[in-house]
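Chain residues, written in single-letter form:
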Amino acid sequence: MKANQHRYAVAALCRCLGISRHYAYYQCKTTKRKLVAHYADKILTIFKRSYQSYGTRRIRSALQQTGISVSRRYIARVMKSLSLVSKYTIKRYRGYQTASNSSVTANHLQRQFDVDTKQ
(Lines give C-alpha, C1' and ligand atoms only; values in the text may rest on other atoms or scores of the structure.)
Protein backbone atom coordinates (compact mmCIF):
# COMPACT_ATOMS: atom_id res chain seq x y z
CA MET A 1 0.00 0.00 0.00
CA LYS A 2 2.81 2.42 0.85
CA ALA A 3 4.53 1.71 -2.45
CA ASN A 4 1.51 2.93 -4.44
CA GLN A 5 0.23 5.56 -2.05
CA HIS A 6 1.78 8.40 -4.07
CA ARG A 7 0.00 7.22 -7.27
CA TYR A 8 -3.49 6.34 -6.02
CA ALA A 9 -5.88 7.66 -3.41
CA VAL A 10 -5.94 5.83 -0.11
CA ALA A 11 -9.66 5.11 -0.50
CA ALA A 12 -9.11 3.45 -3.90
CA LEU A 13 -6.26 1.33 -2.56
CA CYS A 14 -8.39 0.24 0.38
CA ARG A 15 -11.22 -0.76 -1.95
CA CYS A 16 -8.85 -2.89 -4.04
CA LEU A 17 -7.31 -4.58 -1.03
CA GLY A 18 -10.63 -5.01 0.75
CA ILE A 19 -9.62 -3.25 3.96
CA SER A 20 -11.21 -0.29 5.70
CA ARG A 21 -9.78 3.19 5.37
CA HIS A 22 -9.71 3.43 9.15
CA TYR A 23 -7.26 0.54 9.30
CA ALA A 24 -5.03 2.11 6.64
CA TYR A 25 -4.84 5.41 8.51
CA TYR A 26 -4.34 3.56 11.79
CA GLN A 27 -1.31 1.83 10.28
CA CYS A 28 0.08 5.22 9.21
CA LYS A 29 -0.27 6.48 12.79
CA THR A 30 1.58 3.51 14.23
CA THR A 31 4.49 4.03 11.86
CA LYS A 32 4.61 7.70 12.90
CA ARG A 33 4.73 6.62 16.54
CA LYS A 34 7.74 4.50 15.74
CA LEU A 35 9.35 7.53 14.13
CA VAL A 36 8.75 9.55 17.28
CA ALA A 37 10.92 7.07 19.12
CA HIS A 38 13.53 7.29 16.36
CA TYR A 39 15.14 10.52 17.59
CA ALA A 40 13.92 10.27 21.17
CA ASP A 41 17.27 9.09 22.52
CA LYS A 42 19.13 11.96 20.82
CA ILE A 43 16.63 14.51 22.09
CA LEU A 44 16.90 13.04 25.58
CA THR A 45 20.71 13.20 25.58
CA ILE A 46 20.70 16.84 24.40
CA PHE A 47 18.09 17.67 27.05
CA LYS A 48 20.07 16.00 29.84
CA ARG A 49 23.36 17.50 28.66
CA SER A 50 21.81 20.96 28.96
CA TYR A 51 20.90 20.31 32.61
CA GLN A 52 17.24 20.09 31.56
CA SER A 53 17.12 23.73 30.52
CA TYR A 54 16.82 23.44 26.72
CA GLY A 55 13.43 23.83 25.07
CA THR A 56 12.33 22.90 21.58
CA ARG A 57 14.14 25.76 19.84
CA ARG A 58 17.54 25.03 21.36
CA ILE A 59 17.17 21.28 20.92
CA ARG A 60 16.26 21.86 17.27
CA SER A 61 19.35 23.98 16.68
CA ALA A 62 21.54 21.40 18.45
CA LEU A 63 20.09 18.65 16.24
CA GLN A 64 20.64 20.74 13.12
CA GLN A 65 24.30 21.11 14.05
CA THR A 66 24.56 17.33 14.00
CA GLY A 67 22.83 17.19 10.62
CA ILE A 68 19.35 16.09 11.73
CA SER A 69 16.47 18.21 10.46
CA VAL A 70 13.29 17.90 12.51
CA SER A 71 10.52 20.34 13.37
CA ARG A 72 9.92 21.95 16.72
CA ARG A 73 6.49 20.34 16.90
CA TYR A 74 8.06 16.92 16.47
CA ILE A 75 10.52 17.71 19.27
CA ALA A 76 7.66 18.96 21.45
CA ARG A 77 5.76 15.73 20.79
CA VAL A 78 8.77 13.65 21.79
CA MET A 79 9.36 15.77 24.88
CA LYS A 80 5.73 15.39 25.88
CA SER A 81 5.83 11.62 25.40
CA LEU A 82 8.95 11.43 27.57
CA SER A 83 7.51 13.91 30.13
CA LEU A 84 10.36 16.36 29.65
CA VAL A 85 9.74 19.93 30.78
CA SER A 86 12.48 22.49 30.41
CA LYS A 87 13.47 24.75 33.25
CA TYR A 88 13.34 28.44 32.68
CA THR A 89 14.71 31.22 34.79
CA ILE A 90 12.51 33.99 36.05
CA LYS A 91 14.05 37.42 36.04
CA ARG A 92 14.34 38.46 39.64
CA TYR A 93 13.83 41.94 40.94
CA ARG A 94 16.91 43.47 42.47
CA GLY A 95 16.53 46.60 44.53
CA TYR A 96 19.28 49.14 43.98
CA GLN A 97 20.34 51.61 46.63
CA THR A 98 19.74 55.17 45.59
CA ALA A 99 20.72 58.40 47.23
CA SER A 100 18.78 59.24 50.36
CA ASN A 101 15.77 61.46 49.84
CA SER A 102 16.50 63.49 52.98
CA SER A 103 19.64 65.05 51.58
CA VAL A 104 19.93 68.80 51.69
CA THR A 105 19.43 70.53 48.35
CA ALA A 106 20.48 73.98 47.35
CA ASN A 107 17.92 76.84 47.58
CA HIS A 108 18.35 78.25 44.07
CA LEU A 109 15.11 80.29 44.09
CA GLN A 110 15.81 81.86 47.49
CA ARG A 111 12.39 80.89 48.77
CA GLN A 112 11.46 81.49 52.38
CA PHE A 113 9.63 78.65 54.12
CA ASP A 114 7.92 79.05 57.43
CA VAL A 115 7.70 75.64 59.06
CA ASP A 116 6.17 76.65 62.42
CA THR A 117 2.99 78.40 61.26
CA LYS A 118 -0.09 76.68 59.86
CA GLN A 119 -2.75 78.41 57.81
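Here the structure is a predicted model, which is why all the values come from computation and not from measurement.

Caption draft 1: Summary view of a nonpolar patch on the surface. Taken together, the side chains of Leu17, Ile19, Tyr23 and Tyr26 make up a nonpolar region of the molecular surface, amounting to roughly 390 Å² of accessible area. Within the secondary structure, tyrosine 26 sits in helix α2 (residues 21-36).

Caption draft 2: Quick look at unusual backbone geometry. Non-glycine residue tyrosine 51 carries a positive phi angle of around 55°. Positionally, tyrosine 51 belongs in the loop between α3 (40-49) and α4 (56-65). Look at tyrosine 51 and you get exposed, because its relative accessible area is 67%. We note that serine 83 has phi near 60°; this positive angle belongs to a residue other than glycine. The topology assignment puts serine 83 in the segment after α5 (72-81).

Caption draft 3: Representation of the side chain of threonine 56 in the model. Topologically, threonine 56 is positioned in helix α4. Residue classification places threonine 56 among the buried positions, given a relative accessible area of 18%. One polar contact links threonine 56 to arginine 72, side chain to side chain, over a distance of 3.4 Å. Filtering out sequence-adjacent residues up to four positions away, threonine 56 remains in contact with Arg72, Ile75, Ala76 and Met79.

Caption draft 4: Molecular detail of the packing of α3 against α4. Two numbers describe how α3 lies on α4: the axes approach to 10 Å, and their chain directions differ by 115°. Compared by their axis directions, α3 and α4 come out roughly perpendicular. Judged by the twist between their axes, the crossing of α3 over α4 is right-handed. On the side of α3, the interface is formed by Lys42, Ile43, Ile46 and Phe47, while α4 contributes Ile59, Ala62 and Leu63.

Caption draft 5: Here's a closer look at the packing of aromatic side chains. Within the structure shown, the criterion is met by 1 aromatic pair. Summarising the aromatic geometry, the rings of tyrosine 39 and tyrosine 74 are spaced 6.2 Å apart at their centres and angled 85° between planes, so their arrangement reads as edge-to-face. Of this pair, tyrosine 39 sits in the loop between α2 and α3 while tyrosine 74 is found in helix α5, placing the two residues 35 residues apart along the sequence. Judged by its relative accessible area of 22%, tyrosine 39 is partly exposed.

Here is what the cut-offs are and how they apply
Residues numbered from 1 in each chain as written. Predicted model: local features only at pLDDT ≥ 70, side-chain atom pairs only at ≥ 80, totals over all residues. Heavy atoms only, no water. Patch = residues over 30% accessible without salt bridge, like charges linked within 9 Å, V, L, I, M, F, W, Y side chains within 5 Å. Areas by Shrake-Rupley, 256 points an atom, 1.4 Å probe, with all protein chains shown as cover. Salt bridge = Lys/Arg side-chain N within 4 Å of Asp/Glu carboxyl O. Helix = DSSP H or I, 4+ residues; strand = E, 2+ residues; numbered from the N terminus. Buried < 20%, exposed > 50% of the residue type's maximum accessible area, 1.4 Å probe, protein only. Polar contact = N/O pair within 3.5 Å; in protein donor to acceptor, adjacent residues only side chain to side chain. Contact = heavy atoms within 4.5 Å. Axes fitted to C-alpha atoms, helices over the stretch in contact; angles between N-to-C directions. Parallel < 35°, antiparallel > 145°, perpendicular 65-115°, else oblique. Left-handed = near helix turned anticlockwise from the far one by under 90°. Phe/Tyr/Trp six-rings, centres within 6.5 Å; stacked < 30°, edge-to-face > 60°.

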